[in-house]
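Residue-level listing of the chains:
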Amino acid sequence: MHKSKSLVLQNPEQAVLEVLNEQANCWSQGDLNCYMQGYWKSDSLVFIGKRGLTYGWQKTLENYEKSYPSKAAMGKLAFNILENRELSADTRLVVGKWMLTRAEGDLEGHFSVIFKRFPEGWKIVADHSR
């Protein structure tokens, strides 16, 4: 039996994991615009990284483009999910480790993201990655 998208959205824990899996696939293909579809397309999106706070979807995309200017620089992305916790019926906290495998040297760090359920699906509204 084939799962419908509505059934996936009824299981929030699995739905947010599917967003992260899609993001890892997009990143690993060198497609930042695809990767960014997992984020809330809003000026209120907040990203906290080693350079401090960034507000907004477009600015977050621009920062990624500067930091990872090529497919080779992006490498292959994988996540190891450590926690996937409900904060409310429409909000989840996901904590994990990210790993980039690249010819120019591997990178890794930890992240926490807050997902919110929107009519179009689950989106990251806050990302703290280091």
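Going by the structure above, here's the rest.
Thresholds, definitions, all that
Residues numbered from 1 in each chain as written. Predicted model: local features only at pLDDT ≥ 70, side-chain atom pairs only at ≥ 80, totals over all residues. Heavy atoms only, no water. Pairing = 2+ DSSP bridges. Helix = DSSP H or I, 4+ residues; strand = E, 2+ residues; numbered from the N terminus. Axes fitted to C-alpha atoms, helices over the stretch in contact; angles between N-to-C directions. Contact = heavy atoms within 4.5 Å. Phe/Tyr/Trp six-rings, centres within 6.5 Å; stacked < 30°, edge-to-face > 60°. Buried < 20%, exposed > 50% of the residue type's maximum accessible area, 1.4 Å probe, protein only. Arc of directions from axis to C-beta. Expected span 1.5 Å × (residues − 1).

(A) Molecular detail of the sheet that holds strand S3 (residues 76-88). One open sheet accounts for 6 strands, arranged S2-S1-S6-S5-S4-S3; its pairing is mixed. Each edge of the sheet is formed by a strand with only one pairing partner; in this case those strands are strand S2 (52-55) and S3. Strand-to-strand, the axes of this sheet are offset by a mean angle of 25 degrees, without reference to chain direction. Here strand S1 (residues 46-49) runs beside strand S6 (residues 121-129); their pairing, made up of 3 bridges, is parallel. Considered in S6, the bridge of Ile48 is made with His128. The strands touched by helix H4 (residues 57-67) within the sheet are S1, S2 and S6, with S2 carrying the most contacts at an inclination of about 125 degrees.

(B) Fine view of the packing of aromatic side chains. The full count for this structure, using the stated rule, is 9 aromatic pairs. For the ring pair Trp27 and Tyr35, a centre distance of 5.0 Å and an interplane angle of 70 degrees mean the geometry is edge-to-face. Of the residues examined, Trp27 reaches a relative accessible area of 3% and is grouped as buried. Judged by relative accessible area, which is 6%, Tyr35 ranks as buried. Their ring planes at 75 degrees and their centres at 5.5 Å tell us that Trp27 and Tyr64 sit as a pair that is edge-to-face. Here Trp27 is found in helix H2 (residues 12-28), whereas its partner Tyr64 is found in helix H4, with 37 residues between them in sequence. On the accessibility criterion, Tyr64 (10% relative accessible area) is buried. Cluster of aromatic residues (ring-pair linked, three or more members): Trp27, Tyr35, Tyr39, Phe47, Tyr64 and Tyr68.

(C) Examining H4 more closely. Of the residues making up H4, those classed as buried are Trp57, Thr60, Leu61, Asn63 and Tyr64. Across the axial projection of H4, the buried residues extend over an arc of 160 degrees, all falling on one side. For H4, the elements touching its buried residues are H2, helix H3 (32-35), S1, S2 and S6.

(D) Examining H2 more closely. The end-to-end C-alpha distance of H2 is 24 Å, a good match for the 24 Å that 17 residues give at a rise of 1.5 Å each. Along H2, the positions that sit buried rather than exposed are Pro12, Ala15, Val16, Val19, Leu20, Gln23, Ala24, Cys26, Trp27 and Ser28. Two residues or fewer past H2, Gly30 is found with a positive phi of approximately 80 degrees.

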